[in-house]
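# Coordinates in review
For reference, the chains in residue letters:
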Amino acid sequence: MVYKKCYICGQDTSIKKNLFKKSKTWDICSSCNLLVENKIQTFSSLNLSKLPKNRILFLNKNYVEKQVLEKCVVEMLRKTRGEEEILDFLFNLDNGSLSGTCGMAYFTNTRLRLFTFAADGIGTAKLTGLKTEYSAALSDIVNVEIKKDLLGNQLIITDKVNGAKEQVYVQDIPNTKCFIKKLKTAAENVQFPEKQLSANMEKFRKLKELMKSGAFNKKKLEEKDFLVEN
Ligand SMILES: [Zn+2]
């Protein structure tokens, strides 16, 4: 008996190969399926405004969100294989307002990745259905910005290997801005670890000074962002 290989881990699934039937692009094994469901749960319990929406292609909202989310998570796990910790993510990417694509971006402590896929291909697309794929080491990232043009808001990523290149369109400006900010900080921490270290040392020095002078008390300690703000 020949079984299909799992799209995420490459092991056998319990799904039989059928040469006459058009193959689904992302059959996955039961243990990877657990990982996917777990990740969907996590994403769903986070900021709801960050979840994928595809307004153009589907009428049924629940169908859209679940299918797009599932496809993104499967693709994401295939790329990271659970080895890297995902620090932040962004859904609602596409290749322009009329393109019929959707996708996501995310970064770990070492890499930034993004991808879009043909939305009409969910479940049936040839191979992976990926339209855009980008991956760069955080240590190579020079800049990330949003640029408005006729088709919408483009994400421009400058890295040391490819220079400045437009990658995808983003549909959610507030969450994208937040994502970019976190990404830049993560890239800076990788590229200039000594800068981060000296910033922490400086905070520590100030804190010690405050404690000495008596200006620092328990109430201030309870103000959550004290160390960050000062
Ligand atoms: Zn698997």
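The present account deals with the structure reproduced in this document. Source: prediction; values computed, not measured. (Residues numbered from 1 in each chain as written. Predicted model: local features only at pLDDT ≥ 70, side-chain atom pairs only at ≥ 80, totals over all residues.)

## Observations regarding the overall build of the chain
When helices and strands are tallied, the chain shows 6 helices and 9 strands. When the 230 residues of the chain are sorted by exposure, 27% land in the buried category. Across the chain, every contact between residues at least 6 apart in sequence was considered, and the portion connecting residues at least 24 apart equals 46%. (Helix = DSSP H or I, 4+ residues; strand = E, 2+ residues; numbered from the N terminus. Buried ≥ 20, exposed ≤ 12 C-beta atoms within 10 Å, placed from the backbone. Contact = placed C-beta atoms within 7 Å.)

## Let's talk about unusual backbone geometry
It is generally the case that most residues other than glycine have a negative phi and that most peptide bonds are trans. Of note, N92 is a non-glycine position whose phi angle comes to about 65 degrees, a positive value. Topologically, N92 is positioned in strand β3 (residues 86-94). A residue is classified by how many C-beta atoms lie within 10 Å of it, and N92, with 23 of them, is buried.

## Quick notes on the pairing of strand β4 (residues 101-108)
In terms of burial, β4 is largely enclosed, as 7 of its 8 residues are buried. By the bridge criterion, 5 bridges tie β3 to β4 in an arrangement that is antiparallel. Counterpart to D88 in the pairing with β4 is F107. Joining the antiparallel neighbours β3 and β4 is a turn of 6 residues, in which G96 adopts a positive phi near 120 degrees. Of the strand pairs in this sheet, β4 and strand β5 (residues 111-118) are connected by 7 bridges, and their pairing is antiparallel. In the strand pairing of β5, G103 is matched with T116. The hairpin turn running from β4 into β5, its antiparallel successor, is 2 residues long. (Pairing = 2+ DSSP bridges.)

## Structural notes on the nonpolar core
The biggest cluster of nonpolar side chains holds 41 residues, and the ones touching the most others in it are L90, L93 and M104. Ranked by residues supplied to this core, first place goes to helix α2 (residues 61-80) with 7 residues. When residues no more than four places from it in sequence are discounted, the contact partners of L90 are M104, A105, Y106, N175, T176 and F179. (Core = buried A, V, L, I, M, F, W, Y, C linked by C-beta atoms within 7 Å.)

## Quick word on helix α4 (residues 193-213)
With 21 residues, α4 extends 31 Å between its outermost C-alpha atoms, agreeing within 8% with the 30 Å of an ideal straight helix rising 1.5 Å per residue. Residue G214 follows α4 closely and has a positive phi angle near 85 degrees. (Expected span 1.5 Å × (residues − 1).)

## So, the sheet that holds strand β6 (residues 130-137)
Consider a sheet: its strands pair through backbone hydrogen bonds, and that pairing is either parallel or antiparallel. The strand order across the open sheet built from 7 strands is β6-β5-β4-β3-β9-β8-β7, with neighbouring strands paired in antiparallel fashion. The sheet is open, and its two borders are formed by β6 and β7 (141-149), each paired with just one other strand. Strand-to-strand, the axes of this sheet are offset by a mean angle of 25 degrees, without reference to chain direction. When strand β8 (residues 152-159) meets strand β9 (residues 163-170), the two strands line up antiparallel, connected through 7 bridges. By the bridge assignment for β9, L155 is matched with V168. (Axes fitted to C-alpha atoms, helices over the stretch in contact; angles between N-to-C directions.)

## A look at the pairing of β8
The side chains of a regular strand alternate between both faces of the sheet. Sheet topology note: the β7/β8 ladder contains 8 bridges and is antiparallel. Across the sheet, I141 pairs through a bridge with D159, a residue of β8. Counting the residues that bridge the hairpin from β7 to β8 gives 2 residues. Between β8 and β9, which pair antiparallel in sequence order, lie 3 residues.

## Examining the environment of Q11
Along the polypeptide, Q11 turns up in the loop between β1 (3-5) and β2 (12-16). The class for Q11 is exposed, based on 12 C-beta atoms found within 10 Å. A C-alpha to C-alpha distance of 7.3 Å links Q11 and C29, two positions 18 residues apart in sequence. Once residues lying within four places of it in the same chain are set aside, the contact partners of Q11 are K5, C6 and C29.

## A short note on the environment of T101
Mapped onto the elements, T101 comes out in strand β4. The spatial distance from the C-alpha of T101 to the C-alpha of T116 is 6.2 Å, given a sequence separation of 15 residues.

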